Amino acid sequence: MPELPEVQTIVDDLNKKIIGREIVGVWFDAPKLITLRMPQGYGEPSRTIKKPKAKKLEGQIKGLKIISVSRRGKNILIYLTNNQPRIVDSPAGESLRGTQSTTNNYLLLIHQKMTGHFLYGKWRIARVVGRSPRGSFGEAGKSSVVSLVKGPLEEKVNNYIHLIFYFDNGQQLALSDLRKFAKVIFGPKKEIENLPDFKKIGPEPLEKNFKVGKFISLISSEKRKIKQVLMDQEVIAGIGNIYSDEILWLSKIHPLKPANQLKADELKRLYSAMKKILKKAIKLRGTSISDFRDTSGKAGAYARERFVYRKEGEHCPRCKGIIKRIKIKNRSAHYCPKCQK
DNA sequence: ATGACGTCCTGCCTGC
DNA sequence: TGCAGGCAGGACGTCA
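Residues numbered from 1 in each chain as written. Chains lettered and ligands numbered in written order. Predicted model: local features only at pLDDT ≥ 70, side-chain atom pairs only at ≥ 80, totals over all residues.

Peer 1: Requested: an account of the packing of helix H7 (residues 241-250) against helix H8 (residues 264-283), with residues and values cited.
Peer 2: Viewed as axis vectors pointing N to C, H7 and H8 meet at an angle of 130 degrees, and their least axial separation amounts to 8 Å. When the interaxial angle is binned, H7 and H8 end up oblique. As H7 runs across H8, the sense of the crossing is right-handed. Contacts between H7 and H8 involve Tyr-243, Glu-246, Ile-247 and Leu-250 from the first element and Leu-270, Ala-273, Met-274, Lys-276, Ile-277, Leu-278 and Ala-281 from the second. Of the residues that constitute the contact of H7 with H8, the class distribution is nine nonpolar, no polar and two charged. (Axes fitted to C-alpha atoms, helices over the stretch in contact; angles between N-to-C directions. Helix = DSSP H or I, 4+ residues; strand = E, 2+ residues; numbered from the N terminus. Parallel < 35°, antiparallel > 145°, perpendicular 65-115°, else oblique. Left-handed = near helix turned anticlockwise from the far one by under 90°. Contact = placed C-beta atoms within 7 Å. Nonpolar A, V, L, I, M, F, W, Y, C, P; charged D, E, K, R; others polar.)

Peer 1: Lay out the nonpolar core in plain terms, naming residues and giving numbers.
Peer 2: Ranked by internal contacts, the top residues of the largest apolar core, which has 75 residues, are Phe-118, Ala-174, Val-184 and Ile-247. Among the elements that take part in this core, H8 stands out by supplying seven residues, more than any other. Residue contributions to this core reach at least three from each of two domains, namely domain 1 (4-199) and domain 2 (212-335). Residues contacting Ala-174, with those up to four places away along its chain left out, are Phe-118, Leu-119, Trp-123, Ile-161, Leu-163 and Ile-164. (Core = buried A, V, L, I, M, F, W, Y, C linked by C-beta atoms within 7 Å. Buried ≥ 20, exposed ≤ 12 C-beta atoms within 10 Å, placed from the backbone. Domains from an automatic or database assignment.)

Peer 1: Requested: an account of the domain arrangement of chain A, with residues and values cited.
Peer 2: Entries for chain A in the domain assignment read domain 1 (4-199) and domain 2 (212-335). Contacts between the two partners involve 22 residues from domain 1, matched on the other side by 20 residues from domain 2. Those elements that place two or more of their residues in the side of domain 1 that touches domain 2 are helix H1 (4-17) and strand S9 (116-129). If one sorts the elements of the side of domain 1 that touches domain 2 by residue count, H1 sits on top with nine residues. Taken together, the residues of the side of domain 1 that touches domain 2 break down into 10 nonpolar, five polar and seven charged.

Peer 1: Before we move on, could you go through H1 and cite the residues and values that matter?
Peer 2: Spanning 14 residues, H1 covers 20 Å between terminal C-alpha atoms, matching the ideal 20 Å at 1.5 Å per step. Those residues of H1 that fall on the buried side of the exposure criterion are Leu-4, Pro-5, Glu-6, Val-7, Gln-8, Thr-9, Ile-10 and Leu-14. (Expected span 1.5 Å × (residues − 1).)

Peer 1: An account of the packing of helix H5 (residues 212-219) against H8 is requested, with residue identities and associated values reported.
Peer 2: As a packed pair, H5 and H8 sit with axes 10 Å apart at the nearest point and diverge in direction by 115 degrees. As summarised for this structure, H5 and H8 are arranged roughly perpendicular, according to the angle between their axes. Relative to H8, H5 is oriented so that their crossing is right-handed. On H8, the residues touching Val-212, Phe-215, Ile-216 and Ile-219 of H5 are Leu-267, Lys-268 and Tyr-271. A per-class count over the contact of H5 with H8 returns six nonpolar, no polar and one charged.

Right under this line is the structure:
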């Protein structure tokens, strides 16, 4: 499941691959994943369209150019524009280079949830009629099987591609998502940035100005279990199940400990462990326990260096205790009962 | 404010 | 062998 380091890996890849590209087409077979925010116009208020038709999305996004890709928590942000620098005649008759004053900036926000990931390459859409192994097709008993034409991907066929953006260079950006949990929202930049769910995301743990004092004030006011607090996106952005386990192990803190009972030295340890683990995981291009892949389809390397996550019954790499798995809010937590107090 | 649980989805694992 | 049932998991919604 992509957390901050995995999302950062994707974002870094995309910045190398898709900046300046123009979108020339869109395909998708899972409208449920997509929300379209239509801009205001001619006295009409902006409106939200859930499960849009492909043509509707394409009508809004076709012709836009990608200007930047960034990340907010676990969300991927792809900024687009249709602003073309153009020659404007000034009253004095001389030519000035400038852009139109109207807002033409758009934002494509993607949350990959658990099994979503972007792949850059080329695919062809093969429509087949029939039954899936579980007999469940989204629409009218038909399914779209997307198979790879060529590219650096390890998979020959990817049955889980549900959204493709076509670029002006013939390449494509595809969203593969086994469980169809991913969420994609497209609309005018300002409106997307002002969505309540987006605005309430907590501070970025790796921002330079996110100092230990700020971290302590956020954490120590919470009486929930520390594991839950670390995973709460409104408290701190980007930490999920894998890295909260890893961070707690490194700081020798028990996942069930109420956050407001942590002592000053524990909070400091937690803060530096958080930075250390996240930075290390980014360096290793994320964790591929289940099916995370970078945009070339390659697995991340953090998994083989991990300390406790999904290591129930194995020896603790620090004290040789036996790693235990417990449930917190229906999520599994892994920790060493011997050295995490 | 907090917790407990349901929802989405499907490959994989277990048990009969 | 084959099938049914349960599980995992992020974020959100609902209800207590």
